Amino acid sequence: MAEQKTVTFIITRQDSPDSTPYEEIFEVPYRKNMNVISGLMEIRKNPVNAKGENTTPVQWDMNCLEEVCGACSMVINGTPRQSCAALVDHLETPIRLEPMSTFPVVRDLIVDRERMFDALKQVKAWIPLDGTHDLGPGPRMPEKKRQWAYELSKCMTCGVCLEACPNVNDKSNFIGPAAISQARLFNSHPTGEMFASDRLEGLMEDGGIGGCGNSQNCVQVCPKGIPLTTSIAAMNRATNIQAFKNFFGSDNAH
Amino acid sequence: MADQREFFYRRLHSFLGVVPIGIFLTQHLIVNHFAVYGEESFNKAAGFMAGLPFVLLLEIFIIYLPILYHAILGVYIAFTANYNTKRYGFFRNWMFALQRITGLITLVFIAWHVWETRVQIGLGNADLDYSLMEGILTNPFMFWFYIVGVIAAVFHFANGLWSVLVSFGITQTPKSQKIATYACILVFFVISYLGVRTLIQFAYGI
């Protein structure tokens, strides 16, 4: 009988938010068409490292397993991406897994992406519709606009663009590309448009759109192919115009 | 309303880089290029610039204060970035890093250049004429220091022009940004030629 083929994983681990990271190597039995997550599941089943020592199972975050939730992002062979969509057959071995470095590590490969949700709050990336009575049907949206807005709506807050952005780090408070693009998405919505200036004000707050340095890494790495740099430039124009309206005064400053 | 000062500071920083600093840089290199037509013509052109009415006020408000502001905030911006061209070697990411590196080189160069020329002239230790620059640039070390300084400054201006077009939301589509890249490369070569040609004239008289 042929010997069982294995895949080598080199995983950067960290036991708690404040402890020092270390590397651990695992030999995982190979199966056809396996992805990185199924490799991690094998380690969970049998938490023994390459030296044959018993160890704690590697922790990671996941949810949808079809690249729409954004939870399982990690740095795989130097590239930040979703581990569910990373097929072992397409990766160079040994496979190196690290947590994304922009975010605080919770444990092993789990990071805390709270700053992204704070950023969405800063730019009010939602449409307020709550009321005590029926507001009736909303306004219609032009089909052409719907098409590009749909592309923006694919954002899953996965954090890959923040990981690649040189201006998102612990020395700066820049919110990153994702929330800027979300402000554009909700400002393009016929109902959301009524609160457009609120979102632009959020973008102009400290840590907002002014922090962008145009390195354009975000648009290159986005797993959903969202035109992030177009969104940033569009919001640059909108915030500048808003700033003029605010200062010089305009009935349209709302 | 939360603080929006940072937004204003950054936009002012971008704007000042072009108006007036970029315009001044271009003008400065064009006027200096008179050196290529001979000592006489350079002295005449430089004399005209130095003889402008209210020259000190013009210098302070069009040159010194804007550059000082741009430099101080620029150094802060350069040191708050996490350079990652090794992992993400995209063209724009390299431009991002080079923009900050050339900015720092330009700052050192301008500080030295102003000390050596404008300050010395102001103190009465030197005269504004062809021989001042000839004396500086015939030293091979200074010649190469000036070559690096001028090219860094022009790169910083040309690439900065591209960024300003994005920061002010003028170029939004990838296509317009790409064409702006080509236009800025052209600006870089044309203005670099002006600067380098003048330096060669001062250093080697050819």
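Just so you know, these numbers come straight off a predicted model, no measurement behind them.

## Some points on the overall build of chain B
Reasoning step 1: Counting its secondary structure elements, chain B contains seven helices and zero strands.
Reasoning step 2: What you see in chain B, going N to C, is helices and strands ordered as α-α-α-α-α-α-α.
Reasoning step 3: In summary, chain B has a C-alpha radius of gyration of 18 Å against a globular reference of 17 Å for 206 residues, a match within 12%.
Reasoning step 4: Here chain B holds 206 residues, and the buried ones make up 45% of them.
Reasoning step 5: A separation threshold of at least 6 residues defines the contact pool for chain B, and within that pool the share at least 24 residues apart is 72%.
Reasoning step 6: Accessible surface computed for chain B: about 11200 Å², of which carbon and sulfur atoms make up 75%.

## Topic: the UniProt feature "binding site: heme" (unreviewed entry) in chain B
Residue and element names in this part refer to chain B.
Reasoning step 1: According to UniProt, the positions carrying the feature "binding site: heme" (unreviewed entry) are H28, H70, H113 and H156.
Reasoning step 2: Mapping H28 onto the fold places it in helix α1 (residues 5–32).
Reasoning step 3: H28 sits in the partly exposed class, given a relative accessible area of 26%.
Reasoning step 4: One can find H113 in helix α4 (residues 91–122).

## Some words on unusual backbone geometry
Across residues other than glycine, the phi torsion is negative in most instances, and most of the peptide bonds are trans.
Reasoning step 1: Residue P94(A) follows T93(A) across a cis peptide bond; omega there is -5°.
Reasoning step 2: The residue P94(A) is located in the loop between β4 (79–82) and β5 (95–98) in this model.
Reasoning step 3: Geometrically, the link from V19(B) to P20(B) is a cis peptide bond, its omega value of 5° lying close to zero.
Reasoning step 4: Along the polypeptide, P20(B) turns up in helix α1.
Reasoning step 5: For D108(A), which is not glycine, the phi torsion reads 45° and is therefore positive.
Reasoning step 6: Structurally, D108(A) is set in the loop between β6 (105–107) and β7 (110–111).
Reasoning step 7: Classification of D108(A) as buried rests on a relative accessible area of 0%.

## Looking at helix α8 (residues 228–248) of chain A
At 3.6 residues per turn, the α-helix brings residues three or four places apart onto the same side.
Reasoning step 1: The end-to-end C-alpha separation of α8(A) is 30 Å, in line with the 30 Å expected for 21 residues at 1.5 Å each.
Reasoning step 2: All of the buried residues along α8(A) are L228(A), T229(A), T230(A), S231(A), I232(A), A233(A), A234(A), M235(A), N236(A), T239(A), N240(A) and Q242(A).

## Quick look at the interface of chain A and chain B
Reasoning step 1: In this complex, chain A contributes 38 residues to the contact, which on the side of chain B involves 33 residues.
Reasoning step 2: A buried area of about 3000 Å², summed over both sides, lies between chain A and chain B, and 44% of it is on carbon and sulfur atoms.
Reasoning step 3: At the surface where chain A touches chain B, the tally comes to one salt bridge.
Reasoning step 4: Residues E98(A) and R87(B) are paired through a salt bridge, measuring 3.6 Å at the closest nitrogen-oxygen approach.

## Points about the packing of aromatic side chains
The geometry of an aromatic ring pair is captured by the separation of the ring centres together with the interplanar angle, meaning the angle of the planes.
All names here are of chain B.
Reasoning step 1: This model, assessed by the stated rule, comprises 18 aromatic pairs over all chains.
Reasoning step 2: Between the aromatic rings of F141 and F145, the centroid separation amounts to 6.5 Å while the plane-to-plane angle is 10°, which identifies the pairing as stacked. Here F141 pairs with F145, and both are found in helix α6 (residues 140–167), just four residues apart, close to one helical turn.
Reasoning step 3: Classification of F141 by relative accessible area gives exposed; the value is 61%.
Reasoning step 4: Judged by relative accessible area, which is 24%, F145 ranks as partly exposed.
Reasoning step 5: Through a chain of ring-to-ring contacts, the aromatic side chains of F109, F141, F145 and Y146 assemble into a single cluster.
Reasoning step 6: Sitting over the ring of W162, R92 keeps its end group 3.4 Å from the ring centre.

## A look at the domain arrangement of chain A
Residue and element names in this part refer to chain A.
Reasoning step 1: You can read the domains of chain A as domain 1 (6–111) and domain 2 (114–253).
Reasoning step 2: A straight line from the C-alpha centre of domain 1 to that of domain 2 covers 32 Å.
Reasoning step 3: Taken together, the contacts link 13 residues of domain 1 with eleven residues of domain 2.
Reasoning step 4: Ranking the residues of domain 1 by area buried against domain 2 places P80, T102 and F103 at the top, with a combined share of 47%.
Reasoning step 5: At the boundary of domain 1 and domain 2, one finds one salt bridge.
Reasoning step 6: Run the count over domain 1 and domain 2 and you get five residue pairs in polar contact (both at pLDDT 80 or more).
Reasoning step 7: At the level of secondary structure, the elements contributing two or more residues to the side of domain 1 that touches domain 2 comprise β3 (73–76) and β4.
Reasoning step 8: If you tally residues by element for the side of domain 1 that touches domain 2, the top one is β4, at three residues.
Reasoning step 9: The residue makeup of the side of domain 1 that touches domain 2, split by class, is six nonpolar, five polar and two charged.

## A look at the pairing of β3(A)
Residues and elements named next belong to chain A.
Reasoning step 1: Taking every second residue as pointing to the same face, both faces of β3 are buried, with S73 and V75 on one and M74 and I76 on the other.
Reasoning step 2: Summarising the sheet, β3 and β4 pair through four bridges and their orientation is antiparallel. Paired with S73 across the two strands is Q82, which belongs to β4.
Reasoning step 3: Here β3 hands over to β4 after two residues, with N77 in that stretch at a positive phi of 50°.
Reasoning step 4: The pairing of β3 with β5 spans two bridges and is antiparallel. The residue of β5 that forms the bridge with V75 is E98.

## Considering the UniProt feature "transmembrane region" (unreviewed entry) in chain B
Residue and element names in this part refer to chain B.
Reasoning step 1: Within the UniProt annotation, "transmembrane region" (unreviewed entry) is assigned to residues 12–31, 51–79, 91–115, 143–168 and 180–204.
Reasoning step 2: For residues 51–79, the end-to-end C-alpha separation is 39 Å, with 86% helix and 0% strand making up the annotated structure.
Reasoning step 3: What you have in residues 180–204 is 100% helix and 0% strand, and the ends, taken at the C-alpha atoms, are 36 Å apart.

## A short note on the side chain of Q216(A)
Reasoning step 1: In this fold, Q216(A) is placed in the loop between α6 (196–204) and α7 (217–221).
Reasoning step 2: A distance of 2.9 Å separates polar atoms of two side chains, one belonging to Q216(A) and the other to Q177(B).
Reasoning step 3: Ignoring any residue separated from it by four or fewer positions in sequence, one finds Q216(A) in contact with T229(A), R92(B), W162(B) and Q177(B).

Calculation rules
Residues numbered from 1 in each chain as written. Chains lettered and ligands numbered in written order. Predicted model: local features only at pLDDT ≥ 70, side-chain atom pairs only at ≥ 80, totals over all residues. Heavy atoms only, no water. Helix = DSSP H or I, 4+ residues; strand = E, 2+ residues; numbered from the N terminus. Rg over C-alpha atoms; globule rule 2.2 N^0.38 Å. Buried < 20%, exposed > 50% of the residue type's maximum accessible area, 1.4 Å probe, protein only. Contact = heavy atoms within 4.5 Å. Areas by Shrake-Rupley, 256 points an atom, 1.4 Å probe, with all protein chains shown as cover. UniProt positions renumbered as here; feature names shortened; annotations may be inferred. Expected span 1.5 Å × (residues − 1). Buried area = accessible area lost by both parts, 1.4 Å probe. Salt bridge = Lys/Arg side-chain N within 4 Å of Asp/Glu carboxyl O. Phe/Tyr/Trp six-rings, centres within 6.5 Å; stacked < 30°, edge-to-face > 60°. Lys NZ or Arg CZ within 6 Å of the ring centre and 35° of its normal. Domains from an automatic or database assignment. Polar contact = N/O pair within 3.5 Å; in protein donor to acceptor, adjacent residues only side chain to side chain. Nonpolar A, V, L, I, M, F, W, Y, C, P; charged D, E, K, R; others polar. Pairing = 2+ DSSP bridges.

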